[in-house]
Amino acid sequence: MENLIILGTGIAGLTAAIYAARANLSPLLLSGREDGGQLTLTTAVENFPGFPNGVQGPELIAVCKQQAEKFGARFKVDAVTTVKKISKGFELQLESGEKIQAKTIIIATGASARWLGLESEQKYKGRGVTTCATCLPTGSTIVANNAPKAIDKIEEGEQVLTYDGTFQKVVGKGSRPFKGKLVKIIPRYFREEPTLLTPEHPVYAAKMKRGVGANYRDMKWEEPQWVPAGELRKDHILLYPIVSKTIDVVNIKIADILKLDVDEKGYIKNNYETYTARRIPNIVPINRDFMRLIGYFLAEGSITPRGINFYFGPKDKEYVDDTIRIFKTFFDYDVAVKQEGSVWRIECYAGILRDLFQKLFGKYSYGKSLPHWFVYLPVDKQAELVKGYYRGDGGIKPEGFSLVTNSPKLVAQFKTILLRLGIIVGISRRSKDVLNKTKNVFNGREIKFKHDRYELEIGGSYLRLASDMFGVEHPHLKNKKRNNEFAWIKGNYAYLPIRRLETVDYDGEVHNIAVENNNTYVTAGAIVHNCDGAFFKNKEVIVIGGGDSAMEESLFLTKFASKITIIHRRDSFRASKIMQERVFKHEKIKVLWNKEIIDVLGNGKIVTGVKLKDIVTGKTTDFSCHGVFLAIGHVPNTSFLHGMLEMDELGYLKADAWTHTKVPGIFAAGDVQDRRFRQAITAAGSGCMAAMEAEKYLAGME
Ligand code: NAP
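Residues numbered from 1 in each chain as written. Predicted model: local features only at pLDDT ≥ 70, side-chain atom pairs only at ≥ 80, totals over all residues. Heavy atoms only, no water.

Trainee: Would you mind going over the overall build of the protein in detail, with residue names and values included?
Mentor: For the protein, the helix and strand inventory stands at 14 helices and 46 strands. In summary, the protein has a C-alpha radius of gyration of 30 Å against a globular reference of 27 Å for 702 residues, a match within 12%. By residue count, 52% of the 702 residues in the protein fall in the buried class. In the protein, the proportion of contacts linking residues at least 24 apart, taken out of those at least 6 apart, comes to 66%. Within the structure as shown, the protein displays about 32800 Å² of accessible surface, and the carbon and sulfur contribution to it stands at 50%. Measuring between centres, the 99 positive side-chain charges of the protein sit 3 Å from its 80 negative side-chain charges. (Helix = DSSP H or I, 4+ residues; strand = E, 2+ residues; numbered from the N terminus. Rg over C-alpha atoms; globule rule 2.2 N^0.38 Å. Buried < 20%, exposed > 50% of the residue type's maximum accessible area, 1.4 Å probe, protein only. Contact = heavy atoms within 4.5 Å. Areas by Shrake-Rupley, 256 points an atom, 1.4 Å probe, with all protein chains shown as cover. Lys, Arg positive; Asp, Glu negative; His and termini not counted. Charge placed at Lys NZ, Arg CZ, Asp CG, Glu CD.)

Trainee: Tell me about the environment of Ser26, and please be specific about residues and values.
Mentor: Relative to the helices and strands, Ser26 resides in the loop between helix H1 (11–22) and strand S2 (28–30). Along the chain, Ser26 and Phe361 lie 335 residues apart, while their C-alpha atoms are 39 Å from each other. With residues up to four places along the chain from it excluded, the contact list for Ser26 reads Glu2, Ala20, Gly72 and Arg74.

Trainee: Talk me through helix H5 (residues 288–300); I want residue IDs and the actual numbers.
Mentor: Under the 1.5 Å per step criterion, the end-to-end length of H5 is 18 Å for 13 residues, consistent within 8% with the ideal 18 Å. Along H5, eleven of the 13 residues are buried, which leaves the element largely enclosed by surrounding structure. Residues of H5 that are buried include every one of Phe290, Met291, Arg292, Leu293, Ile294, Gly295, Tyr296, Phe297, Leu298, Ala299 and Glu300, and no others. (Expected span 1.5 Å × (residues − 1).)

Trainee: Describe the environment of Ile423, listing the residues and the values that go with them.
Mentor: Tracing the backbone through its elements, the reader meets Ile423 in the loop between helix H9 (408–420) and strand S30 (426–430). Sequence spacing of Ile423 and Ala466 is 43 residues, and the spatial spacing of their C-alpha atoms is 8.0 Å. The contacts of Ile423, once residues within four sequence positions are left out, are Leu418, Ile458, Tyr462, Leu465, Ala466, Met469 and Ile489.

Trainee: Outline the packing of aromatic side chains, listing residues and values.
Mentor: Enumeration according to the criterion identifies 32 aromatic pairs in this entry. Ring centres of Phe167 and Tyr376 lie 6.4 Å apart, and the angle between their planes is 90°; on these two criteria the pair is classed as edge-to-face. Of the two residues, Phe167 sits in strand S15 (residues 167–187) while Tyr376 sits in the loop between helix H7 (351–361) and helix H8 (379–393), which places them 209 residues apart along the sequence. Both residues of the pair, Phe167 and Tyr376, count as buried. For the pair Tyr390 and Phe470, a centre-to-centre distance of 4.1 Å together with 5° between the ring planes defines the contact as stacked. Of the two residues, Tyr390 sits in helix H8 while Phe470 sits in helix H11 (residues 463–470), which places them 80 residues apart along the sequence. Judged by its relative accessible area of 3%, Phe470 is buried. An aromatic cluster is defined as three or more aromatic residues linked by ring pairs; in this entry it consists of Phe290, Phe297, Phe310, Phe327, Phe330, Phe331, Phe357, Phe361, Trp373 and Phe374. Across from the ring centre of Phe297, 4.6 Å away, lies the NZ or CZ of Lys368, which sits over that ring. (Phe/Tyr/Trp six-rings, centres within 6.5 Å; stacked < 30°, edge-to-face > 60°. Lys NZ or Arg CZ within 6 Å of the ring centre and 35° of its normal.)

Trainee: Any chance you could break down the packing of H1 against helix H14 (residues 680–698) for me, citing the residues and the numbers?
Mentor: Across the interface, H1 lies against H14 with an axial gap of 7 Å and an inter-helix angle of 35°. Of the two possible hands of crossing, H1 and H14 adopt the one that is right-handed. Counted together, Ile11, Ala12, Thr15, Ala16, Tyr19 and Ala20 of H1 and Ala680, Ala683, Ala684, Gly687, Cys688, Ala691 and Met692 of H14 form the full contact between these two elements. Considering only residue class, the contact of H1 with H14 consists of eleven nonpolar, two polar and no charged. (Axes fitted to C-alpha atoms, helices over the stretch in contact; angles between N-to-C directions. Left-handed = near helix turned anticlockwise from the far one by under 90°. Nonpolar A, V, L, I, M, F, W, Y, C, P; charged D, E, K, R; others polar.)

Trainee: Break down unusual backbone geometry for me, with residues and values.
Mentor: Phi is positive for Asn594, close to 55°, though the residue is something other than glycine. Within the element layout of this structure, Asn594 appears in the loop between strand S40 (589–592) and strand S41 (595–602). Residue class for Asn594 comes out buried when judged on its relative accessible area of 19%. At Thr659, a residue that is not glycine, the phi angle is positive and equals roughly 75°. In this structure, Thr659 sits in the loop between strand S45 (634–636) and strand S46 (666–668). With relative accessibility at 1%, the residue Thr659 sits in the buried group.

Trainee: Just give me the short version of the site of the ligand, but keep the residues and values in it.
Mentor: By nearness alone, 20 residues border the ligand, and Asp548, Ser549, Arg570, Arg574 and Gln679 come closest of all. Arg570 is positioned with one of its side-chain polar atoms (N or O) 2.7 Å from an oxygen atom of the ligand. Measuring from an oxygen atom of the ligand, one finds a side-chain N or O atom of His634 at 3.4 Å. Coverage of the ligand by the protein amounts to 83% of the 910 Å² it exposes when considered alone. When residues of the shell around the ligand are assigned to their parent elements, the largest contribution, three residues, is made by helix H12 (residues 548–557). Taken together, the residues of the shell around the ligand sort by class into four nonpolar, nine polar and seven charged. Two domains each provide a minimum of three residues to the shell around the ligand, namely domain 1 (2–113 + 634–701) and domain 4 (535–630). (Near = heavy atom within 4 Å. Polar contact = N/O pair within 3.5 Å; in protein donor to acceptor, adjacent residues only side chain to side chain. Domains from an automatic or database assignment.)

So this is what it looks like as structure tokens:
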């Protein structure tokens, strides 16, 4: 039986967790449906004490979570459906089917966005009507600076690849629960991970013109546009961006990277030098030879406690010599070469080079990657890197070349680099579970795969380019047979026909990120648009409500929409004066007072306006707009407690000034019991009180 279970991971729950964990209660937190609470859906919080320059809501939550974890709080992703009294405490039934027991409970389940309750509102949900639009399921990877990353793990300030091939800064994050159908898109070529998204989420695609030739090369297509995922058909072609910017780096300085000193001759001074140690030159040129060495390292290199080892196959004497020569020329270093059975082993004992390679390219094969600036290097250098990699982990298959790796980061980077080289690579992934279903024997030893394995295939019309690049004539080139081409490059995009479209059921969190300048981001196989504010770029939208959220949302939307009208049911706002003033001052924002929305209008597909009723005169009018943003407050998340705890007529839990509910052992904190203040700081304060009261209760001191 747990000492204390805290329901909710918003600011109230997390503060309670920090206090309870420090009291050695080892609290267990259940995230519920909206992990992190309402702060994760806001932008800047300007009134939380201690942050004179404001703090981003999601960031505040993230650091509170870290703080709670540091003291021993535990987290579980699940929601409670019912709470039952048992002899020495309570039994909680979880959505996952599990049951857990606890001596005390703190309820900090907060509140969720309120909807108007109109039928038409449901119909146009996600098609112009939104409380906070967020759309990709947890775990969906998107291309971030240096690595593909799960959308829910991306931090603000990180850079992501966007629709025009540039990397841009993430400026906001959001998530919400979603239950319903998701669209699953599997493009040709980039098959390592299907893109899953809510049907209304726009994807950058072009429609093929019908009846033009059988070969894709001869196809014509319409101008690309943003198509809601649910409206994609097999005659759409997905666009995928190519990074076009080139930034050359002529050399790197080891001392800067490893923070070491340099002697008068320009060699690195190591902190721990032995008599025999040879100093390594500080400046390393980033030229084609060095790029090839990196290719060898990514494929065949491994970091050992003593240095770096490279392994080459029995026929690879040429590459062994190449490696020896590069080490000698660049680092003035003689590597040791050993032949073990059928394998060549090159050993480099220089600790500095080991540290350098580990820092720049990673230690374990599944984590190997390139620093982000490699993506921008001139293509001739990049080609040499791929060549080195091919010599290590490449092979010839009947129809093409293949490269293998178990590093998802490297897959994403090679994909980007190969696109710059004019090659669309076919990518497939075999999960470790599938790989381990069969017995795998290597050199007489049975091996179990710990990571998924990716294969990158270069074939079809790209075989010529790759053969020239690798300096290896692929045998298939001799066949006169015409190569089929299922995808092609034009301008700054790869055009990827759709291989399969499916719908899948989903019940969980969906996420979205706001991205500076163009608000787009890229998954493994598609460019998607943030369908939040940015989708209403240069469009007219309305925001309904008169509280702080309505002010905040309107001000946020000024970045995108051409005109924002706040529609409020009274003749004054309840929002804080400072927020009201900002709204009144903004030239893009207008206010319509004393109006109620009685219907959402649309053409069956998207919102075209709303029907308004004047509260004073009773007159109805139509108001045209493209988007309807609701900011009409919240409803407390207490439905699972009906019959167990006392609530007011709006569903807020009744608790005394010390956070006690009527049931001994159950405490309430945060917005779930506060219809008056509902501030981050008051929620945190009540979380602290609840934890201290729970501690007293447990100690039998009541
Ligand atoms: P709120 O303060 O409860 O405001 C909700 C607004 O929606 C009210 O103006 C209300 O009108 C209107 N409304 C409610 N039901 C409606 C309906 N069915 N139809 C039309 N209008 C309706 O909620 P909130 O703005 O989400 O703020 C919640 C709490 O968080 C507040 O305590 C707020 O201070 C805080 N917050 C702070 C910040 C910040 O400081 N940056 C930002 C966001 C939120 P009436 O006025 O007529 O009741």
